[in-house]
Every structure is written in structure tokens, then in C-alpha cells.
Amino acid sequence: MRFTTARRWLAGVGVAGALVATAAAPATAGAPAGKLDVFFADTTIAAGSAGKIESPVLYSTSGPLTLHELTIRYDFADLAGKVKVAEEDEEFGDCTPSGATALTCTIPYPIDIDEQGLAGVAWVVLAPTKEAEDGDEGNLKVSVSAAGIDTVTHTAKIRVGEGVDLAAGDELTRSGKPGGKVSTPLTVANNGESTIQGAVAVFYNDYAFRSTTRFSNCTYADEDLLTCKFDEALAPGGSYSATLPYTIGADTEAPGGAYGEIVWMTTAEFEDYVAYLADRGVTDLGKPGTDGELDLTQAGGVQARGQQADTNPENNWSSVALEVTGKNGADLSAIGATLTGEAGDVVTAKLGLRNEGPATIDATRGGGSFTNVHVTIPTGTTAVGVPENCSPRDSDGSGDWEQFGKTGAPAYHCYSESFIKVGDQHAFEFKLRIDKVVPNATGSIEINIDCPCEGRHSDLDGSNDEAKILVNATEEGGGGGGLPVTGASTGIVAAAGLLLLAAGVFGFVLARRRRTRFVA
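The structure contained in this document is the topic of the report that follows. (Residues numbered from 1 in each chain as written. Predicted model: local features only at pLDDT ≥ 70, side-chain atom pairs only at ≥ 80, totals over all residues. Heavy atoms only, no water.)

## Here we look at the overall build of the chain
Argument step 1. When you go through the chain residue by residue, the secondary structure sums to three helices and 39 strands.
Argument step 2. Of all 520 residues assigned to the chain, the portion counted as buried reaches 55%.
Argument step 3. Of the roughly 21000 Å² of accessible surface on the chain, a fraction of 48% belongs to carbon and sulfur atoms. (Helix = DSSP H or I, 4+ residues; strand = E, 2+ residues; numbered from the N terminus. Buried < 20%, exposed > 50% of the residue type's maximum accessible area, 1.4 Å probe, protein only. Areas by Shrake-Rupley, 256 points an atom, 1.4 Å probe, with all protein chains shown as cover.)

Written out as C-alpha cells, the structure is:
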């Protein structure tokens, strides 16, 4: 199994309306105990509909945590007469009603969680009652406890709105060279019978899509388009369109491909998922542009009712497939280290790799490494500190995901992240104990190695793919002095991915009856 970082769950999307759960790392014996926390999304449901399916997100605030005798209680007294909360699958469920306004679910098997979080435990249906009306709202209190762990709670706002049906445009294809211009239509239709007052488009574009025009009703992280908000009333049966201009990044790999996704949501649903982002510590949703407003075709003067919820999120998604033509590759170079110390000393080897360009490598959508790395520990030393994305090397050259961070091995297989801009560096920091002073003790770091695992990347120059790790060198040469960690630009891509991922976190309509899990 390949290693992936938090960027995977920030960016790993692609199925409309699916509830997203990130896989927790396995909790091993002796692992530090984490602290339990819980989140449940604010949710807007449509009056007269079958409702939506949701589950809490369980996560640890520090370190992996195994939950035994897990109990989740839903208290919806504040929603009495407006919204019912029931188990999603009663035939195979673990939940029992506690009076008329509470539901208690017990999980008989252990659950592993970590900081990334885990959804998909104790699914429930949030359904409006027959008496529910547009504008009704109340609080749902979710309490979670486990053996030996104090109870934690989260209160979510549940709203009832008018049922509407936003529909995205067709899937598109475009082509162009690095540095070239492309444009795509941004299309949305109202497939329902009620006027929709305003809509928000949320984008997850690969790095190749650069926005050189920045509209005032859209938000951006540098050149990445994140959201566009429209206040226009969308009349029933109407279709509305605007044009989005893009530049294909000059540092885009070619030949190759890039992909963009768009999801439409109502204003109320956008408010719900902004609350989710805030709970996860994300409050910066990009900055608005200054190049004027991006307009949809106006519906003209029709007023909608209060809150609105989409009854069919299946059709809220559209995409753009970009074929990048031409030739533009990347050269990855290895960075070693030269260290000195006495017997018994622990020294730090800041190993790594650098993207020499001219192309940025973006493997974010697939979520895997952009390269694989082998580290051989120098003779006379022991690895007493190992990065969490490295594991002892197997005989076939790959690593064992169950042993990430394990110390004491003579050689390691390491996975990179998914994205690296031109000029950025990624570090692998090893702590080495010098057991015996051996002059010119030599190890190595090799990048872009060939092994039975994913992540090998084409490389313009293989001659710089290996560097030495020298300990107590008596001659010139070797691996150099290590490196600082750069690559803050990855946050730009992660921000776009988080926005769209959150769009999939919230409940999907009951008729969907499908569960999708994105594994990190």
C-alpha cells in the first residue's frame, strides 16, 4: 500500500454527493493515545423529500486512537415535529430509539481513528416530518463515548428548506500547450419547479488550470479558482451560462492531461459546508478578484422562498478534461548529507529531492507519490528516528505500510507527496545514532527508483538521482549539507481540494443509497 499524506483527503474527490471518509491509520500497540472529538455537518434538507443520509466524523486530536464499546447518541428534541432522525439501515443496524426524540447506536467492534478523521459510522437519515415547512430549523446534539474515554458532543444546525434541483452542464474536453489559452463554459440549469435564488459553484481544478482573469464574485488562492457565487434568480426550466478563461500553466507537464471538476450547490448548502471548513480550522476560502463580475444569464426579478436544498445532487457535477500537448518534462535530483559526530551521538540527516524543472509535477488527483525513494543507512549507524512516510525496505524493493516510522532497519523505502513545483524541495529527515566511528561511512538516497509500487515518474536526467550520506568524511565530496524544507506552494492546491472535498462531506439524498469511501 502506498503512503499518502493529508493532501489525499483534501483533494480526493470525484463522486457526486458521496459522503467522504478518510481512512484512519492503524493504531498499533504502544502508539500514543489520542483525544476523541466528533463533528456532524450542519445540514439543510428539503420539505416533502425523503431526506438525506449523514454520519458523524470521528477524529483524534493527537495521535492514533482505538475506540472500544463505541456509543453514539443523537438527541433531536429541538427538532420535534420538524425532523426525524432514524437509522439508515435498520435490518443490519446497531441503533435503538431512546424515546421519541433520541437514537442511540452502539458499535460492537473496535474503531481506529486519527487526526484525519473517519466518517461512515452510525449512518442516520435526517428526514422532514409531514408538518415540516420551509424555514423550520433546530439543533441536533450528537454525543460520542467509548470505554475509558470521556463523552464528547457536537451540536449541528438542521434546517428545512424548499426542494430545488440544480443541474450542472455537460462534461467537456479541451486541449492546448503549456502557456496557451483555453476557455470553458460554466453552465447550470434549474431542473425543478421552483425558482432558485442564487447558487454557488465550487471548483477543484488540477494545477494546470491557471486563472489570469479574477472575477469579483469568485475567490482565488493565487491563480487557483476556488468558488464563484451568483445571486441571480434561476427560473424553472432555465439554463444559464458564463465563460471561464484559463491559461494552461507554462510549467505544466506535457504531453499529459489535467482535469477540472465543478459542483453546484444552493446558498444554504454552501453555508453548511463553510461551517464544516471552519470546524476543521479552515477560514480562508480565497480572495475575491478585482476584474469585474462574472455574470450568468439573468432570470429577471423572480423571487424564491427562504432556505433551499437540492433534492438531486447526482446532477450537480460537471467536469473538464484537458489534453496538454507539446513536450515539457521534469528533472528530479537527489540531495544527500554530510554529517560528523562521536560514538553515541545522534545526528540528523536532512535528505531530500528537488524539482529542477522545467515542469511542475502534479499527482494530486490520483493521491499517490510523484516518486519513490530508497534510503540506505550508513555503516556504523542506526536509524533511531524515521519519517512517517518511510518503512523498512522489503526484498522486492517496496515498503510495508504497517511499519511506517519503524526504526533500526538498514534500508528504507519512502514515499513522496503528490505535488512538487519547480524549485521546491521535499525532505526526509532521519536521525542516526553513531554506534561506531567509521571514517567515510557511506549510505545513500536514491530517487525515482524502479520497484513493484506506484509513484515512479519519468525523469529528464537520471544522472542526479542518487546522492551520498557521508558520516565522518575524511575526504571532500559526498552528499552536501542537507536541505531546508520548501514547498509551501502545495497549500494552494490543497486549498482547492479541501473546498471541493467538503462539498461531498455533507449528506446525500436518501434515494441515492450508495456509500463511497476515499481511502487515504
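So, next bit.
## Some points on the state of the cysteines
Argument step 1. In total, this model carries three disulfides according to the counting rule given.
Argument step 2. Disulfide pairing places C218 opposite C228 at an S-S distance of 2.0 Å. The sign of the 105° torsion about the S-S bond sets the C218-C228 disulfide as right-handed. Residue C218 is found in strand β20 (residues 218-221), and its partner C228 is found in strand β21 (residues 224-234); the two are separated by ten residues along the sequence. (Disulfide = S-S within 2.5 Å.)

## So, the sheet that holds strand β26 (residues 317-328)
Argument step 1. Here seven strands make up an open sheet; going across it, the order is β16-β26-β23-β18-β21-β20-β24 and the pairing mixed. Among the strands making up the open sheet, the edge pair consists of β16 (172-176) and β24 (287-288).
Argument step 2. In this structure, β20 lies alongside β24, joined through two bridges in antiparallel fashion. Pairing of Y220 across the sheet is with K287, part of β24.
Argument step 3. Where helix α2 (residues 267-279) meets the sheet, its contacts fall on β18 (196-205), β21 and β23 (254-266), and the angle it forms with β23 comes to roughly 110°. (Pairing = 2+ DSSP bridges. Contact = heavy atoms within 4.5 Å. Axes fitted to C-alpha atoms, helices over the stretch in contact; angles between N-to-C directions.)

## Some thoughts on the side chain of T227
Argument step 1. Relative to the assigned elements, T227 resides in strand β21.
Argument step 2. Overall, the relative accessible area of 6% leaves T227 in the buried class.
Argument step 3. Only 2.6 Å separates the side chain of T227 from the side chain of T219, close enough to count as a polar contact. (Polar contact = N/O pair within 3.5 Å; in protein donor to acceptor, adjacent residues only side chain to side chain.)

## So, the pattern of salt bridges
Argument step 1. For the coordinates displayed, the defined rule picks out eleven salt bridges.
Argument step 2. Measuring nitrogen to oxygen at the nearest pair gives 3.0 Å for the salt bridge that ties E271 to R159. Within this pair, whereas E271 is found in helix α2, its partner R159 is found in strand β14 (residues 149-164), the two being separated by 112 residues in sequence.
Argument step 3. On the basis of relative accessible area, E271 is assigned to the partly exposed category, the value being 40%.
Argument step 4. A relative accessible area of 7% places R159 in the buried class.
Argument step 5. Residues joined by salt bridges that share partners form a network here, namely R159, E271 and D272. (Salt bridge = Lys/Arg side-chain N within 4 Å of Asp/Glu carboxyl O.)

## Quick word on α2
Argument step 1. Taking 1.5 Å of rise per residue, the 13 residues of α2 would be expected to cover 18 Å, and the 19 Å separating its terminal C-alpha atoms lies within 8% of that figure.
Argument step 2. A268, E269, F270, D272, Y273, Y276 and L277 are the residues of α2 that are buried.
Argument step 3. Directly beyond the C-terminal end of α2, a positive phi value near 85° is found at G281. (Expected span 1.5 Å × (residues − 1).)

## Concerning the pairing of β21
Argument step 1. Counted residue by residue, β21 has nine buried out of eleven residues, so it is predominantly covered.
Argument step 2. In this structure, β18 lies alongside β21, joined through six bridges in antiparallel fashion. Bridged to V200 within β21 is K229.
Argument step 3. Bridge analysis of β20 against β21 gives four bridges, and the strand direction is antiparallel. Paired with Y220 across the strands is L225, a residue of β21.
Argument step 4. Counting the residues in the hairpin turn of β20 and β21 gives two residues, including D222, whose phi is positive at 55°.

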